[in-house]
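Reading the structure
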Amino acid sequence: MEWNFPTAGQLAAALRAGEVTSVELTDEAIARIERDDDAINAICVRDFDRARAAAHDADRARARGEDRDRPLLGIPVTVKESYDIAGLPTTWGMPPHRDYLPAEDAVQVSRLKAAGAVVLGKTNVPFGLQDIQSFNEIYGTTNNPWDHRRTSGGSSGGSAAALASGFGALSIGSDLAGSLRTPAHFCGVYAHKPTLGLAAIRGMVPPPGPALPVEHDLAVVGPMARTARDLTLLLDVMAGPDPLTLGAAYHLTLPPARHERLRDFRVLVLDDHPLIPTGAAVRAGVGRVADALADGGARVERDSPLLPDLTEAAMLYRQLLFSGSVARFPVEAYEQLRTHAAALSADDQSLDAAMLRGMVLSHRDWIEANSRRELHRHGWRRFFAEFDAVVCPVTPTPAFPHDHNPDPRARRIDIDGVAYPYFDQLVWAGLATMPGLPATAVPAGRSPEGLPVGVQLIGPMFEDRTPLRLAELLEQEIGGFQAPE
C-alpha cells in the first residue's frame with residue numbers, strides 16, 4: 001500500500017493494527033520528499049536522520065504499549081520553519097539569521113514530540129513571515145503543487161504544499177493575516193486558525209529570540225492537515241496555555257460542538273465584501289458549500305442585521321495588523337511614515353490609508369482602536385446567539401502567479417481581469433482575525449483552470465469544535481482533499 005496520502009487517523013489505525021511500522025512510514029515519506037520536492041521546494045530544512053531515529057523509538061514505544069496517551073505516535077509530520085527546533089536553523093527567511101540555531105524546542109514542537117510525532121523537517125516561509133507567498137533568499141520559492149507557476153500561499157505555504165504533495169500527514173503553522181487559511185485554500189488542504197490565545201505560541205519568535213512566554217495580538221498557531229478530523233486530532237495536541245504562565249493555574253476544556261448533524265446548524269453565507277469583489281471561481285466554491293448546507297437541512301441565510309459592519313471591521317483590522325509591523329523600523333523610516341500619514345486627507349478612507357495610519361498609531365490611538373475591537377467582539381457574541389457559523393471566502397481568488405516584486409505595494413491581484421492592490425485581498429482573513437475568532441479552511445472544489453478553491457468557516461470564540469465539526473460534515477457532503485493531478 002502507498003502510505004503517503006492516508007490521513008493521520010488512518011495511519012494511526014494501521015500502526016495499531018500492525019499493518020505498517022513508523023520506520024516504514026518515515027522511510028516512504030523521506031523517499032517521496034527526495035523524489036518530488038526539488039520541483040515543489042516545500043521542505044526547506046530536512047531532519048531525516050533524527051526522524052528515522054524517532055521512528056525507531058516510536059515503534060519500540062508502541063511495542064511496550066505506550067501508544068494509549070500518545071495520539072500521534074509514529075506519524076510523520078512537518079513543522080513551519082518559524083518554529084524553534086533545537087539543532088535546526090530558525091531564520092524566518094531572513095539572511096542575517098541564516099546560521100541561528102535555537103537551543104530548545106518551541107512549546108508546540110515539544111507537544112508534537114510528546115504526542116509521538118516524527119518530525120521530518122521544516123517547511124518554507126516568506127521573509128519575516130510577511131507575505132501571501134512563500135519565498136526568501138535563503139531557501140528560494142515554494143511552488144503550488146497544482147501549478148508550479150503559482151504560489152502555494154503564505155506564510156505557511158511550505159506546510160500546505162508539503163501536505164498536498166504527500167510529505168507527511170500533518171503540519172503546524174501560524175496565522176496573523178490568513179497564513180494558515182490562505183495556503184490551505186490555495187493548495188486544497190485543511191487548516192484551522194484557533195481562537196486567539198487558545199494555543200501557546202512560545203518559541204514561534206523571530207530569531208534570535210528569546211523565546212519568551214508572551215501573548216501576541218492577532219497572531220495564533222494552529223494545525224494543518226488533509227482532512228477535517230485530523231485538524232481536531234492535532235488541535236487537541238496543540239491547545240492549552242503555556243505551562244510557564246496561565247498553564248500554572250488553568251487547564252483547558254473546550255466546549256463540544258454545538259451540533260452533530262448538518263441539519264441542526266444555523267449558517268450565514270457571505271460571498272460579497274464592500275471593499276473588494278469576489279472572483280467567480282471563489283464565489284462558485286462558496287455556492288457549492290451553501291448548496292450542500294441547504295441540501296443537508298441546515299438553516300442558511302444570506303444576510304443578517306446582527307453581522308458586524310464589514311467595512312469598519314476591515315479598516316480596524318488593517319490598523320491593528322500594521323501597527324505592529326514597524327516596531328523595528330529605523331527612526332528615519334518611521335518618521336517618513338509619520339509624514340506621509342499626516343499628509344493623508346481626512347476623507348481618505350481607503351485600505352491603503354488605514355494601513356499607513358496603523359503603522360504610526362500612537363499608544364493612545366491603539367487603545368482607542370482596541371476599544372472599538374471590543375465592541376466588534378460584543379457584536380459577534382450577539383451574532384453567534386442566533387447563528388453557529390459564517391461561511392465566506394478566504395481570499396477573492398485561487399492561487400495567483402508568483403509575484404516577487406520587491407515593493408509589495410506595487411503588486412496587484414487580478415480578480416476576473418481587474419487589478420486591485422495586493423494587500424486588499426486580506427480583508428476576508430481579517431474578518432476572523434481582528435476579533436480573535438476561530439476559523440477553519442476547507443476545500444470547496446476546483447476552479448475552471450483546475451486550481452483548488454477553499455472557503456472558511458468562522459465560529460464563536462473558544463467554540464473551535466463547532467466549525468471543526470461543520471468542516472467534517474461538509475467533507476462528507478462535498479468531498480475533501482484530492483492529490484494534485
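Up top is the structure these notes are about.
Residues numbered from 1 in each chain as written. Predicted model: local features only at pLDDT ≥ 70, side-chain atom pairs only at ≥ 80, totals over all residues. Heavy atoms only, no water.

Moving on, we get to the nonpolar core. Within the largest apolar cluster, 68 residues are counted, with the highest numbers of intra-cluster contacts made by Tyr-83, Leu-293, Val-391 and Leu-470. With six residues, the top contributor of residues to this core is helix α7 (residues 228-238). (Core = buried A, V, L, I, M, F, W, Y, C linked by side-chain atoms within 4.5 Å. Buried < 20%, exposed > 50% of the residue type's maximum accessible area, 1.4 Å probe, protein only. Helix = DSSP H or I, 4+ residues; strand = E, 2+ residues; numbered from the N terminus.)

This brings us to the sheet that holds strand β9 (residues 190-193). The sheet built from eleven strands is open, its strands ordered β1-β3-β2-β8-β10-β9-β16-β17-β13-β11-β12 with mixed pairing. A single partner strand is all that each edge strand has here, and the edge strands are β1 (43-46) and β12 (299-301). Each neighbouring strand pair of the sheet contributes to a mean axis angle of 30°, computed without reference to strand direction. By the bridge criterion, six bridges tie strand β16 (residues 439-446) to strand β17 (residues 452-458) in an arrangement that is antiparallel. Note that in β17 the partner of Ala-439 across the bridge is Ile-458. Across the face of the sheet, helix α3 (residues 48-63) comes into contact with β1 and β3 (118-123) while running at roughly 155° to β3. Here helix α4 (residues 107-114) sits on the sheet and contacts β2 (76-80), β8 (170-175) and β10 (220-225); the angle it forms with β2, its principal contact strand, is near 180°. (Pairing = 2+ DSSP bridges. Axes fitted to C-alpha atoms, helices over the stretch in contact; angles between N-to-C directions. Contact = heavy atoms within 4.5 Å.)

Moving on, we get to helix α12 (residues 363-383). Relative to the 30 Å expected for 21 residues at 1.5 Å per residue, α12 spans 30 Å between its end C-alpha atoms, a close match to the ideal helical length. For α12, the set of buried residues is Ala-369, Arg-373, His-376, Arg-377, Gly-379, Trp-380 and Phe-383. All buried residues of α12 lie within an arc of 160° about the axis, which places them on one face of the element. Along α12, the residues that are exposed and aim more than 90 degrees away from the buried face are His-363, Arg-364, Leu-375, Arg-381 and Arg-382. Of the surrounding secondary structure, the elements contacted by the buried residues of α12 are β11 (266-269), α9 (310-323), β13 (389-393) and α13 (427-433). (Expected span 1.5 Å × (residues − 1). Arc of directions from axis to C-beta.)

This brings us to the packing of α9 against helix α11 (residues 351-359). At a minimum axis separation of 7 Å, α9 and α11 run at an interaxial angle of 40°. By crossing handedness, the relation of α9 to α11 is classed as right-handed. Judged by residue contacts, Ala-314, Met-315, Arg-318, Gln-319, Phe-322 and Ser-323 of α9 engage Leu-351, Asp-352, Ala-354, Met-355, Arg-357, Gly-358 and Met-359 from α11. Split into classes, the residues belonging to the contact of α9 with α11 amount to seven nonpolar, three polar and three charged. (Left-handed = near helix turned anticlockwise from the far one by under 90°. Nonpolar A, V, L, I, M, F, W, Y, C, P; charged D, E, K, R; others polar.)

Turning to its location among the elements, Asn-124 is positioned in the loop between β3 and β4 (135-136). By relative accessible area, Asn-124 is classed as buried at 0%. At a separation of 3.1 Å, a polar atom in the side chain of Asn-124 contacts the main-chain carbonyl oxygen of Gly-140. (Polar contact = N/O pair within 3.5 Å; in protein donor to acceptor, adjacent residues only side chain to side chain.)

Here Tyr-83 lies in the loop between β2 and α4. Judged by its relative accessible area of 1%, Tyr-83 falls in the buried class. In sequence terms Tyr-83 and Phe-48 are 35 residues apart; their C-alpha atoms lie 17 Å from each other.

Moving on: the pattern of salt bridges. The tally for this structure, following the rule as stated, stands at 32 salt bridges. Here Asp-67 makes a salt bridge to Arg-62, at a shortest N to O gap of 3.1 Å. Residue classification places Arg-62 among the buried positions, given a relative accessible area of 17%. Of the charged contacts in the structure, one is a salt bridge between Arg-302 and Asp-271, with a shortest N-O distance of 3.3 Å. With Arg-302 in the loop between β12 and α9 and Asp-271 in the loop between β11 and α8 (280-295), this pair connects stretches of sequence that are 31 residues apart. The partly exposed category is assigned to Arg-302, whose relative accessible area is 45%. Classification of Asp-271 by relative accessible area gives buried; the value is 15%. (Salt bridge = Lys/Arg side-chain N within 4 Å of Asp/Glu carboxyl O.)

Time to look at the pairing of strand β14 (residues 412-415). Of the two faces of β14, the one lined by Ile-413 and Ile-415 is fully buried and the one lined by Arg-412 and Asp-414 carries no buried residue. As paired strands, β14 and strand β15 (residues 418-421) are joined by four bridges and run antiparallel to one another. Directly across from Arg-412, in β15, lies its bridge partner Pro-421. Linking β14 back to β15 in an antiparallel pair, the connection comprises two residues, with Asp-416 at a positive phi of about 50°.

Following the sequence through the fold, Tyr-317 ends up in helix α9. Along the sequence, Tyr-317 and Val-107 sit 210 residues apart, while their C-alpha atoms lie 28 Å from each other. Excluding residues that lie within four positions of it along the chain, Tyr-317 makes contacts with Leu-176, Ala-177, Leu-426, Gly-430, Thr-433 and Met-434.

Right, let's talk about the packing of aromatic side chains for a bit. Enumeration according to the criterion identifies nine aromatic pairs in this entry. Arranged with centres 5.7 Å apart and planes meeting at 90°, the rings of Phe-186 and Phe-400 form a pair that is edge-to-face. Taken together, the positions of Phe-186 in helix α6 (residues 181-187) and Phe-400 in the loop between β13 and β14 put the pair 214 residues apart, joining distant regions of the chain. Like Phe-400, Phe-186 is buried. Centroid distance Phe-383 to Phe-384: 5.0 Å. Interplanar angle 85°. Geometry classified as edge-to-face. Here Phe-383 falls in the buried class, since its relative accessible area comes to 0%. Owing to a relative accessible area of 4%, Phe-384 belongs among the buried residues under this scheme. Above the ring of Phe-481, the side-chain terminus of Arg-226 is found at 6.0 Å from the ring centroid. (Phe/Tyr/Trp six-rings, centres within 6.5 Å; stacked < 30°, edge-to-face > 60°. Lys NZ or Arg CZ within 6 Å of the ring centre and 35° of its normal.)

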